[in-house]
Amino acid sequence: MAEATRLTRGGRLAEATALIQRTLGRSGGAVDKGAPAPPPSDKFPHRGPAHRPGADQAGPGPATGRLVDASFTNAAGTRGYKLYVPDGYGGQPVPLVVMLHGCTQTAADFAAGTRMNQLAERGIFLVAYPEQAGAANQQRCWNWFLPAHQRRDKGEPSLLAGITRQVMATHQVDPGRVFVAGLSAGGAMAAVLAATYPDLFTAAGIHSGLAYGAAHDLSSAYAAMRDGPPANGKAAGGTVPLIVFQGDRDTTVAPANAAALLSPWSGSVPPEVVTGPGWTRRIYRDGDSHPAAEWWSVHRLGHAWSGGSPEGSFTKPAGPDASAELVRFFSEVARRGEDDVRVVLSP
């Protein structure tokens, strides 16, 4: 961190940029070995009954659907993306999950490591994997720390929102079940999208990421990664439900960033605390006892996707299955929206 600050102050911005990108991506291709992940805890309900604890504990099957290559272009440029369409999709309205990879990763790598396609096959939802362009960032990091990419309808947020809307235009997507999630730099960009497009995304999932507004240049990005955002930093949304995963031994993105992401809820509502083997889960609920936010602190986890597959980079097979828990949280949020609609429409 100190070296990057020294390079920035010395005007050697290219070298500082390369250093911060290497730090975010220094474990690229590596797998943190561990025990097999526990089975997923839930799936998206397809307008069906609520999930029963202990039910449907079988792991996800193979991803047998179609993977479509596409791109989106606007004034900010062009970004390619991959769209996973499960076999069970037949034109009916389904959820959409937008997954943002971390530095040095590709869409295919992130899909393999998170196993989100397998979950989509079981739960019947679409998954979009936008891919950062090498020309925009040499290490393929999303530029979450630059002001040009922190505003609505500008820069990378406009491209990612455009991809989301394009998928919604070409497929039948339930607009009340559109979600975004990401890892590391992708998690930080997911926080940007949650803050700038709360009308588009129903909920967000952030794994080892940073809060919206945590940085405005390279030097502040390093400071936030090391210590968390400044005291006046903005957190992701506050109106968009949020689930956060963070390893307590992450030396790339400090756990203080998870606390900052949860600050819109943690400052006013005491959480329900649940513990398990190697993890602590804090659940924040709104005034109607609906899920508003969750914070999963995974013990002995570094900078890696908890419960991920060794087929992808930045994963640790041991620990709670972050992908399954994201899907479970998203489904709970979607059910809350349906309940609210029923209340409004009831005589």
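Because the structure is predicted, anything quoted here is derived from the model rather than measured. (Residues numbered from 1 in each chain as written. Predicted model: local features only at pLDDT ≥ 70, side-chain atom pairs only at ≥ 80, totals over all residues. Heavy atoms only, no water.)

**Student:** I keep staring at the environment of Leu 193 and nothing clicks. Help me out?
**Tutor:** Take Leu 193: it is sitting in helix 6 (residues 185-196). Judged by its relative accessible area of 0%, Leu 193 is buried. Sequence separation of Leu 193 and Leu 160 is 33 residues, and the distance between their C-alpha atoms is 8.2 Å. Beyond its immediate stretch of four places on either side in the chain, Leu 193 contacts Leu 100, Pro 157, Leu 160, Val 180, Pro 198 and Phe 201. (Helix = DSSP H or I, 4+ residues; strand = E, 2+ residues; numbered from the N terminus. Buried < 20%, exposed > 50% of the residue type's maximum accessible area, 1.4 Å probe, protein only. Contact = heavy atoms within 4.5 Å.)

**Student:** Explain the sheet that holds strand 6 (residues 203-207) here, please?
**Tutor:** The strands making up a sheet associate through backbone hydrogen bonding, with each pair oriented either parallel or antiparallel. Spatial ordering of the open sheet is given by 1-2-4-3-5-6-7-10-9-8, a layout of 10 strands whose pairing is mixed. In this open sheet, the two edge strands, each paired with only one partner strand, are strand 1 (66-74) and strand 8 (272-276). Across the sheet, the mean angle from the axis of one strand to that of its neighbour is 20°, orientation sign disregarded. In terms of strand pairing, strand 1 meets strand 2 (residues 77-85) through 9 bridges, oriented antiparallel. Each residue of the ladder has a partner; that of Val 68, found in strand 2, is Leu 83. Across the face of the sheet, helix 3 (residues 107-114) comes into contact with strand 2, strand 3 (94-100), strand 4 (126-131) and strand 5 (173-183) while running at roughly 135° to strand 4. (Pairing = 2+ DSSP bridges. Axes fitted to C-alpha atoms, helices over the stretch in contact; angles between N-to-C directions.)

**Student:** Could you clarify how one ought to interpret the state of the cysteines in this entry?
**Tutor:** Two cysteines whose sulfur atoms are joined by a covalent bond form what is called a disulfide. Tallied over the entire structure, the rule returns 1 disulfide. Through a disulfide, Cys 103 is tied to Cys 141; the S-S separation comes to 2.0 Å. Given an S-S torsion of about 125°, the disulfide between Cys 103 and Cys 141 has right-handed geometry. A residue pair is termed long-range when its members are at least 10 positions apart, and Cys 103 in the loop between strand 3 and helix 3 and Cys 141 in the loop between strand 4 and helix 5 (155-170) qualify at 38 residues. Neither Cys 103 nor Cys 141 differs from the other in exposure class; each is buried. (Disulfide = S-S within 2.5 Å.)

**Student:** Help me understand unusual backbone geometry in this model?
**Tutor:** Note: most peptide bonds trans; most residues except glycine with negative phi. In the Ramachandran plot, Arg 300 falls in the positive-phi region, its phi being about 65° despite a non-glycine side chain. Along the polypeptide, Arg 300 turns up in the loop between strand 10 (291-298) and strand 11 (305-306). Notably, Phe 314 is not glycine yet its phi reads approximately 55°, a positive angle. Assignment of secondary structure puts Phe 314 in the loop between strand 11 and strand 12 (315-316).

**Student:** Can you help me understand the nonpolar core in this one?
**Tutor:** Soluble, globular proteins show a tendency: their nonpolar side chains are buried together. By size, the foremost hydrophobic cluster in this structure holds 60 residues, and its most contacted members are Leu 100, Leu 126 and Trp 144. The element contributing the most residues to this core is helix 6, with 8 residues. Setting aside anything within four residues of it in sequence, one finds Leu 100 in contact with Phe 110, Pro 130, Trp 142, Leu 160, Val 180, Ala 181, Gly 182, Leu 183, Gly 186, Met 189, Ala 190 and Leu 193. Phe 110, Phe 125, Trp 279 and Phe 330 belong to the second largest nonpolar core, which has 33 residues in total. (Core = buried A, V, L, I, M, F, W, Y, C linked by side-chain atoms within 4.5 Å.)

**Student:** What exactly am I supposed to notice about the pattern of salt bridges here?
**Tutor:** A side chain of one charge can pair with a side chain of the opposite charge if their charged atoms are brought near each other. Counted by the stated rule, this structure contains 14 salt bridges. The closest approach of N and O atoms between Arg 177 and Asp 174, which form a salt bridge, is 3.0 Å. Side by side, Arg 177 and Asp 174 carry an identical accessibility label, which is buried. Arg 226 serves as the salt-bridge partner of Asp 227, at 2.8 Å between the closest nitrogen and oxygen. Here Arg 226 falls in the partly exposed class, since its relative accessible area comes to 41%. Members of the salt-bridge network, linked through shared partners, are Arg 281, Glu 294, Glu 325, Arg 328 and Glu 332. (Salt bridge = Lys/Arg side-chain N within 4 Å of Asp/Glu carboxyl O.)

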